[in-house]
Amino acid sequence: MKIKTQLRLGFGFLFLVVLAFGLLSLYYINRISTSARVILKDNYESLTFVRQMRHIVDTHALPLGIKQQEDFARQLEKEKHNITERGEAEAARQLSAAFGRLTDPAGTVSGRQLALSSIRTSLGTLDRLNMEGIVRKNNEAGEMARKARLYLAFAATIAFLILFTFIINFPSFVTAPLNQLIDGIRQISRKNYDQRLSFDTRDEFAEVARSFNVMAKRLKEWESSNVAKITSDKLRIEAIIEQMNDAIIGVNEKQEILFINNVAGELLNLDKEKSAGSDAYELMQKNDLLKNIVESEGKAPLFKIFANGKESYFQLDSHEINVHAYADAGDETLQVTSRPAGKVYTLKNITQFKELDEAKTNFIATVSHELKTPISSIKMSLKLLSDERVGTLNAEQRDLLENISEDSERLLKITSELLDLSQVETGNIQLSFAPVDPKQIARYAMDAVKLTAEQKEVRLELISRQNLPKVNADIEKTAWVLVNFLSNAIRYSAEKSKVLIHIQESGAYVQFSVRDTGKGIEEQYQKRLFERYFRVPADGKNASGTGLGLAISKDFIEAQHGEVYLRSELGAGSTFGFRLPKSNAQVNS
Ligand code: ADP
């Protein structure tokens, strides 16, 4: 039954209960008031008539006057028309007869006396009958009022019980299904699509439950189809990851292995099926490569691993993974947040690039080596040509020879720099360490650039204290670096300026620095200055440089466990320097 109908019936029934109670009350009130009216009309009036008639006969001497007779007759007449009690008609007739005799003009005195006493008797009878009537009717009314009280109390109790039951049950009749519905909606908002509602009724709530169940079913179907799509997408992504040439390892936020692709499985020598889900830290104890990968902590080291039947190079890359998450915000809504879900490590196979790089380095090494001999023979020929014994040269020819000599000198410098670089890159750099006096290195370098400095009238000044500790270094390579710093300083300084070479002790190191008062270097270029082939753009026009000198210097110094540094200010000059570890040998005197 529909709720509307149920409500109508319920309220209709209540209305009927109230109506029945009202009608019952009305009925009894009516009955009681009717009894009162009857007493008043039937008996009380008769008593009044009787009293009036008695008053006439009691207060007047016989024979009665005309007026008294008329009054009496009038009251008598009224009484005759108000006969209500059994025996009252008979008494009225006797009264009427006695009154006739009393007022008979031919009557005697004694006859009148008898009539008067007969009148009194009849009036007494009438009095008694009506008094008895009043008592009886009063008793009847009392009985009725008692019954009315009983019935009304009974009806009121029934009505109270019905209303009470109604008041108790009606709110839950409405709220119980509503609460179920609210609960169902909350479950749905928490993605619990298996939630169903069932009401054993045929009302509107049952319809709501049916619609709710259809909605939950559809949502579940929708989610299942989404899950199917996500599953197929996942399989596709897994296939892509599987087929990649790079090794990929996924680790979740609890440090459990999520996946390992084929290449990673082969490289790490791990069974990818068994490893998935296992603890990364446990696996690391047995697998050094995995340990190095996981402990790389954001650095990107290069791994040399034997793979594909040869030495291969892999560059490590790691990414933090953040995914969307649904958080329960309060008890009703879901909030989208982002939470860390682990890390993905990729080992990119760069063997091919390494091989190409090696080929390039070897090529440079071969070419620069091969060029050295013809350049040396050119220099030899130039020397012969400039000898007077071979033949005299005119001024123009001498100039040309000088130019050729300068160019071959430059070519030789370039080729030897390229050769040095290739040696560093291939790891073929030969270092012969020995405890060396730092000042010896400085003097060696200063001698090498002396001529160039003199040409430019640049003054070289060495500042160092006596008894400096020796450094553990390859004297030639270190001097090469110092020569490079000095020739740069001279080249980028103004004529007649000063270049300072400063050697001092600094902790476990000895520090060499070359300070010029040249043009300085812009801050944006300072970081890149030690990169291969890098030159400050404005100096590009200076054709003699290769941009390799500082890069090789850095490699030479680092190969000797030292480090290079640079301080420069545009317009105020630059200081290039390096530190080398002190030797354990005794201090030089
Ligand atoms: P290059 O053979 O070109 O001199 P370097 O590696 O020695 O190669 O130097 C790289 C670049 O650094 C130079 O081209 C120059 O622009 C800049 N540079 C080096 N030393 C100085 C210096 N003392 N003052 C200003 N710039 C310098």
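These numbers were taken from a predicted model, which means no experiment stands behind them. Position numbers for residues count from 1 along each chain, tracking the sequence in the order it is written. Only residues with pLDDT of 70 or above have their local features reported here, since the model is predicted, and side-chain atom pairs are shown and tallied only from 80 upward, although totals for entire chains, interfaces and linings are computed over all residues. Remark: hydrogens and water are excluded; side-chain values derive from all non-hydrogen atoms of the structure.

Caption draft 1: Inspection of the environment of Asp-200 at higher detail. Helical segments are the DSSP runs of H or I of at least four residues, strand segments are the runs of E of at least two, and each set is numbered from the N terminus. Its location among the elements puts Asp-200 in the loop between helix H4 (109-189) and helix H5 (204-243). Burial classes: relative accessible area under 20% of the type maximum marks a residue as buried, over 50% as exposed, and values in between as partly exposed (1.4 Å probe, protein chains only). The exposure class assigned to Asp-200 is exposed, which follows from its relative accessible area of 82%. Along the primary structure Asp-200 and Gln-466 are separated by 266 residues, whereas in three dimensions their C-alpha atoms are 107 Å apart.

Caption draft 2: Inspection of the nonpolar core at higher detail. Buried Ala, Val, Leu, Ile, Met, Phe, Trp, Tyr and Cys residues form a nonpolar core when they are joined through side-chain atoms within 4.5 Å. In terms of nonpolar packing, the biggest core is built from 43 residues, with Val-471, Leu-482, Leu-486, Phe-512, Leu-529, Phe-576 and Phe-578 touching the most fellow members. Any two residues having at least one pair of non-hydrogen atoms within 4.5 Å are treated as being in contact. With residues up to four places along the chain from it excluded, the contact list for Val-471 reads Ala-434, Pro-435, Val-436, Pro-438, Ile-441, Val-510, Phe-512, Leu-580, Pro-581, Lys-582 and Ser-583. Of all hydrophobic cores here, the second largest spans 23 residues; its members include Ala-247, Ile-257, Ile-260 and Phe-314.

Caption draft 3: The arrangement of the layout of surface pockets in detail. The method works on a 1 Å grid over the protein atoms by themselves. A cavity is a set of points holding a 1.4 Å probe that cannot get out, a pocket is an open set with protein on both sides within 12 Å along at least five of seven lines, and residues with an atom within 4 Å of a point line them. Grid points are joined across faces, edges and corners, and a volume is the space filled by probe spheres set on the points. Estimated volume of the largest pocket: approximately 1300 Å³. Glu-409, Lys-413, Thr-452, Val-483 and Ser-487 are, among the 30 residues lining the largest pocket, the residues nearest its centre. Put simply, the parts of the chain that give the lining of the largest pocket at least two residues each are helix H11 (395-426), helix H12 (438-456) and helix H13 (475-491). Here the lining of the largest pocket is composed, by residue class, of 11 nonpolar, 8 polar and 11 charged. Each residue receives one of three labels: charged for Asp, Glu, Lys and Arg, nonpolar for Ala, Val, Leu, Ile, Met, Phe, Trp, Tyr, Cys and Pro, and polar for the others, Gly being one of them.

Caption draft 4: Representation of a negative patch on the surface in the model. Like-charged residues within 9 Å of one another, or nonpolar side chains (Val, Leu, Ile, Met, Phe, Trp, Tyr) within 5 Å, are grouped into patches, provided each residue has over 30% relative accessible area and no salt bridge. All accessible areas in this document rest on Shrake-Rupley with a 1.4 Å probe, and a residue is counted as covered only by the protein chains that are shown. Every case where a carboxyl oxygen of Asp or Glu lies within 4 Å of a side-chain nitrogen of Lys or Arg is listed as a salt bridge. Only four residue types enter the tally: Lys and Arg on the positive side, Asp and Glu on the negative side, with His and both chain ends excluded. All charge positions are set by atom: Lys at NZ, Arg at CZ, Asp at CG, Glu at CD. Together, Glu-396, Asp-399, Glu-402 and Glu-406 make up a region of like negative charge exposed at the surface. Within the secondary structure, Glu-396 sits in helix H11.

Caption draft 5: Up close: unusual backbone geometry. Residue Pro-63 is reached from Leu-62 by a cis peptide bond, and omega for that bond is -10 degrees. If you trace the backbone, Pro-63 turns up in the loop between helix H1 (3-59) and helix H2 (66-80). Positive phi, normally seen in glycine, also occurs at Asn-269, with a value near 55 degrees. A relative accessible area of 70% means that Asn-269 is categorised as exposed. A positive phi is found at His-561, a non-glycine position, where the angle reads about 65 degrees. Turning to its location among the elements, His-561 is positioned in the loop between helix H15 (549-559) and strand S11 (563-569).

Caption draft 6: Spotlight on the packing of H1 against H4. Note on method: axes are straight lines fitted to C-alpha atoms, helices fitted across the in-contact stretch only, with angles between N-to-C directions ranging 0 to 180 degrees. Interaxial distance between H1 and H4 falls to 9 Å at its minimum, and their mutual angle equals 170 degrees. What the angle tells us is that H1 and H4 run roughly antiparallel. Relative to H4, H1 is oriented so that their crossing is left-handed. The class makeup of the residues in the contact of H1 with H4 is 37 nonpolar, 10 polar and 7 charged. Throughout, the term roughly parallel applies to angles under 35 degrees, roughly antiparallel to angles over 145, roughly perpendicular to angles from 65 to 115, and oblique to all others. For any pair of crossing helices, the crossing counts as left-handed if the nearer helix is rotated counterclockwise from the farther one by less than a right angle, and right-handed if it is rotated clockwise.

Caption draft 7: Region of interest: H1. Helix span is expected to be 1.5 Å times the residue number reduced by one. The terminal C-alpha atoms of H1 lie 81 Å apart, and with 57 residues this matches the ideal 84 Å at 1.5 Å per residue to within 8%. For a residue, the bend is simply the angle between two axes, fitted respectively to the seven-residue segment ending there and the seven-residue segment starting there. At Tyr-44, H1 is bent by approximately 30 degrees, the largest bend along its length.

Caption draft 8: Region of interest: the side chain of Ser-422. In this structure, Ser-422 sits in helix H11. On the accessibility criterion, Ser-422 (4% relative accessible area) is buried. Nitrogen and oxygen atoms within 3.5 Å of one another constitute a polar contact, given that in protein one can donate a hydrogen and the other can accept it, and given that sequence-neighbouring residues count only through two side-chain atoms. Of the polar contacts made by the side chain of Ser-422, one reaches the backbone oxygen of Leu-419; its length is 2.7 Å. Every residue in contact with Ser-422, bar those within four places of it in the chain, is listed here: Thr-361 and Ala-365.

Caption draft 9: Molecular detail of the sheet that holds strand S12 (residues 573-581). Following DSSP output, two strands are said to pair if at least two bridges run between them. Pairing is mixed in the open sheet, where 5 strands are placed in the order S7-S9-S10-S12-S11. Of all the strands in the sheet, just strand S7 (459-464) and S11 have a single pairing partner and so form its edges. Each neighbouring strand pair of the sheet contributes to a mean axis angle of 15 degrees, computed without reference to strand direction. Direction of pairing for S7 relative to strand S9 (residues 498-506): parallel, over a ladder of 6 bridges. Across the sheet, Ser-464 pairs through a bridge with Ile-503, a residue of S9.

Caption draft 10: Local environment of the pairing of strand S10 (residues 509-515). Burial analysis of S10 places 5 of its 7 residues in the buried class, which makes it a mostly covered element. Looking at chain direction, S9 and S10 are connected through 7 bridges and run antiparallel. Note on S10: the bridge partner recorded for Gln-504 is Gln-511. In textbook terms, the turn of a hairpin is the stretch between consecutive antiparallel strands, and for S9 and S10 this stretch comprises 2 residues, one of which, Gly-507, has a positive phi near 60 degrees. The pairing of S10 with S12 spans 7 bridges and is classified as antiparallel. Across the sheet, the residue bridging to Val-514 is Phe-576, located in S12.

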